[in-house]
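Structural features, examined
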Amino acid sequence: KAGVTQTPRYLIKTRGQQVTLSCSPISGHRSVSWYQQTPGQGLQFLFEYFSETQRNKGNFPGRFSGRQFSNSRSEMNVSTLELGDSALYLCASSAGTSGRAGVYEQFFGPGTRLTVL
Amino acid sequence: AQSVSQHNHHVILSEAASLELGCNYSYGGTVNLFWYVQYPGQHLQLLLKYFSGDPLVKGIKGFEAEFIKSKFSFNLRKPSVQWSDTAEYFCAVIAYSSASKIIFGSGTRLSIRP
C-alpha cells in the first residue's frame, strides 16, 4: 500500500498570504489528522476529519481551517499567514477515528515545510 | 486536560550504552500509549504501542516500553543503543473517551556518539 502523501513538500510564503496544503491518506483510511511541528512546541494537534466531518479540533485560531473530500483526501488552509506559522505540517491517516469504540494507529506523511517570510 | 511530559529534551549517549527515555501522562482513565520516532530527514514512524494486556511492550529495532499505570508512565528502553538510533522520540497518548485525540509529548532528541 502506498503511504500518506503530502503536497507540496516545501513552501515559502510572505506574511499576510494564505496557503493550502494537501494530504492523501492511505487507501481505505477514512480519518485524516493534521499537526503542526515546531522545535519549541513539538507536535500540536490541529484537527481531525472523518468521513468529511471535523471530529476534533485543537487550540488554534480560526485562520487554520481544513476540509475533507469524499475520497478522504484532505486540505488544510491557513489564511493571513504570520511569521509564527513557519513549521512542519504533518498529516496522519488512520482507518477510523479513535474513541470508545476503539483506538486506531496513525500513519504519518513526510510533512510540508512552510516558511513564512 | 490530558498532557504528556517528556522531561529529557536532549540525551547524549555513547554506542552500546543503555537507554531509558521518560514519558508521563496525566489522565485518570483508560489510555492507549505510543512511542514514535523521527529519524533525521524522515517522517514519523511508530516504534511501539500499548493498547491492553501485557504492560511490557516490545517494538521494532530492539526497543521496548513498560506501562506502569500507578505511575502514569510509559518509559522507552533499549539495552544497547547504536549510532543509527540517533533521532527524535515522541511519546503519545490517546485517552479512551468519546472524542479522543492523540496528544504528543514535546519530544526527546537522542544523539549517539560513535
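Up top is the structure.
The shown structure was predicted, so the numbers you read here are calculated from the model rather than taken from an experiment.

Our next topic: the overall build of chain B. On a plain count of helices and strands, chain B comes out with zero helices and twelve strands. When the helices and strands of chain B are listed from N to C terminus, the series reads β-β-β-β-β-β-β-β-β-β-β-β. Taking 13 Å as the expected radius of gyration for a compact globule of 114 residues, we find that chain B reaches 14 Å, a close match to that expectation. Over its C-alpha atoms, taken along the principal directions, chain B stretches across nearly 45 × 25 × 20 Å. The buried share of chain B, taken over its 114 residues, is 47%. Split by element, the accessible area of chain B, about 5400 Å² in all, is 53% carbon and sulfur. In chain B, the 10 positive side-chain charges and the 7 negative ones have mean positions that sit 5 Å from each other.

The next thing to look at is the pattern of salt bridges. Counting across every chain of the model gives nine salt bridges over all chains. For the salt bridge of Glu75(A) with Arg73(A), the shortest nitrogen-to-oxygen distance reads 3.4 Å. Under the relative-accessibility criterion, Arg73(A) is labelled partly exposed at 24%. One salt bridge in this structure joins Lys58(B) and Glu64(B), with 2.9 Å as the shortest N-O distance. Look at Lys58(B) and you get exposed, because its relative accessible area is 62%. It is possible to trace a salt-bridge network through shared partners that takes in Lys58(B), Glu64(B), Glu66(B) and Arg77(B).

Right, let's talk about unusual backbone geometry for a bit. The omega torsion across Thr7(A) and Pro8(A) is -10 degrees, close enough to zero to call that bond cis. Its identity is not glycine, yet Glu52(A) carries a phi of approximately 70 degrees, on the positive side. Of note, the phi angle at Ala16(B) is positive, near 80 degrees, even though the residue is not glycine. With respect to the secondary-structure elements, Ala16(B) resides in the loop between strand E2 (10-14) and strand E3 (19-21).

A word on the sheet that holds strand E3 (residues 19-24) of chain A. All names here are of chain A. Taking strand neighbours across the sheet as the criterion, the four strands line up as E1-E3-E8-E7 in an open arrangement whose pairing is antiparallel. What marks the edges here is a single partner per strand, and that holds for strand E1 (5-7) and strand E7 (64-68). The sheet shows a mean angle of 20 degrees between the axes of neighbouring strands, direction not considered. Looking at chain direction, E1 and E3 are connected through three bridges and run antiparallel. From the neighbouring strand, Gln 6 faces E3, where its bridge partner is Cys 23.

Listed per partner, the contact involves 20 residues of chain B and 22 residues of chain A. When the two sides are added together, the surface that chain B and chain A hide from each other amounts to roughly 1800 Å², 58% of it contributed by carbon and sulfur. Our count for the contact surface shared by chain B and chain A stands at one salt bridge. Between Glu105(A) and Lys49(B) there is a salt bridge, and its shortest N-O distance comes to 2.9 Å. Our count for the contact surface shared by chain B and chain A stands at four residue pairs in polar contact (both at pLDDT 80 or more).

Another point: the side chain of Asn32(B). The residue Asn32(B) is located in strand E5 (residues 31-38) in this model. For Asn32(B), a relative accessible area of 5% gives the class buried. At 3.3 Å, the side chain of Asn32(B) and the backbone oxygen of Phe51(B) are in polar contact. Those residues in contact with Asn32(B), other than ones at most four positions away along the chain, are Val103(A), Tyr50(B), Phe51(B), Ala92(B), Val93(B), Ile94(B) and Tyr96(B).

Looking now at the packing of aromatic side chains. Residues and elements named next belong to chain A. Taken as a whole, this structure holds 15 aromatic pairs over all chains when the rule is applied. Aromatic side chains Tyr 35 and Phe 108 sit 5.6 Å apart centroid to centroid with 45 degrees between the ring planes, which places their arrangement in the tilted category. You can see Tyr 35 sitting in strand E4 (residues 31-38) and its partner Phe 108 sitting in strand E10 (residues 107-108), a full 73 residues away along the chain. When its relative accessible area of 0% is taken as the criterion, Tyr 35 is described as buried.

Parameters and conventions
- Residue numbers restart at each chain and count upward from 1, following the sequence in its written direction.
- Chain letters and ligand numbers both follow the written order, the letters beginning at A and the numbers at 1.
- Restriction of local features to residues with pLDDT of at least 70 applies here, the model being predicted, together with a cutoff of 80 or more for giving and counting side-chain atom pairs; totals for whole chains, interfaces and linings are based on all residues.
- Think of the side-chain values as coming from all heavy atoms in the structure, minus any hydrogens and water.
- The helix count covers DSSP runs of H or I at least four residues long, the strand count covers runs of E at least two residues long, and both are numbered beginning at the N terminus.
- Throughout, the radius of gyration refers to the C-alpha atoms, and the reference size of a globule is 2.2 Å times the residue count to the power 0.38.
- Exposed residues in this analysis have more than 50% of their type's maximum accessible area, buried residues have under 20%, and partly exposed residues fall in between, with area computed by a 1.4 Å probe over protein chains only.
- Accessible surface area values rest on a Shrake-Rupley calculation with a 1.4 Å probe, where residue burial reflects the displayed protein chains alone.
- When charges are counted, neither His nor the chain ends are considered; positive counts come from Lys and Arg and negative counts from Asp and Glu.
- Think of each charge as sitting on NZ of Lys, CZ of Arg, CG of Asp or CD of Glu.
- Basic side-chain nitrogens of Lys or Arg form a salt bridge, by our definition, when they fall within 4 Å of a carboxyl oxygen of Asp or Glu.
- We call two strands paired when DSSP finds no fewer than two bridges between them.
- To get an axis, a line is fitted to the C-alpha atoms, and for a helix only the part in contact is used. The angle between two axes follows their N-to-C directions and goes from 0 to 180 degrees.
- Contacts between residues were defined by any pair of non-hydrogen atoms, one from each residue, lying within 4.5 Å.
- Using a 1.4 Å probe, buried area is obtained as the accessible area two parts lose upon being combined, added over both of them.
- Pairs of N or O atoms are called polar contacts if they sit within 3.5 Å, as long as, within protein, a hydrogen donor faces a hydrogen acceptor (for residues adjacent in sequence, only side-chain-to-side-chain pairs).
- Centres within 6.5 Å are what make two rings of Phe, Tyr or Trp a pair, Trp counting through its six-membered ring; a difference in plane orientation under 30 degrees is then read as stacked, over 60 as edge-to-face, and the rest as tilted.

What is shown is where atoms sit, not what they do.
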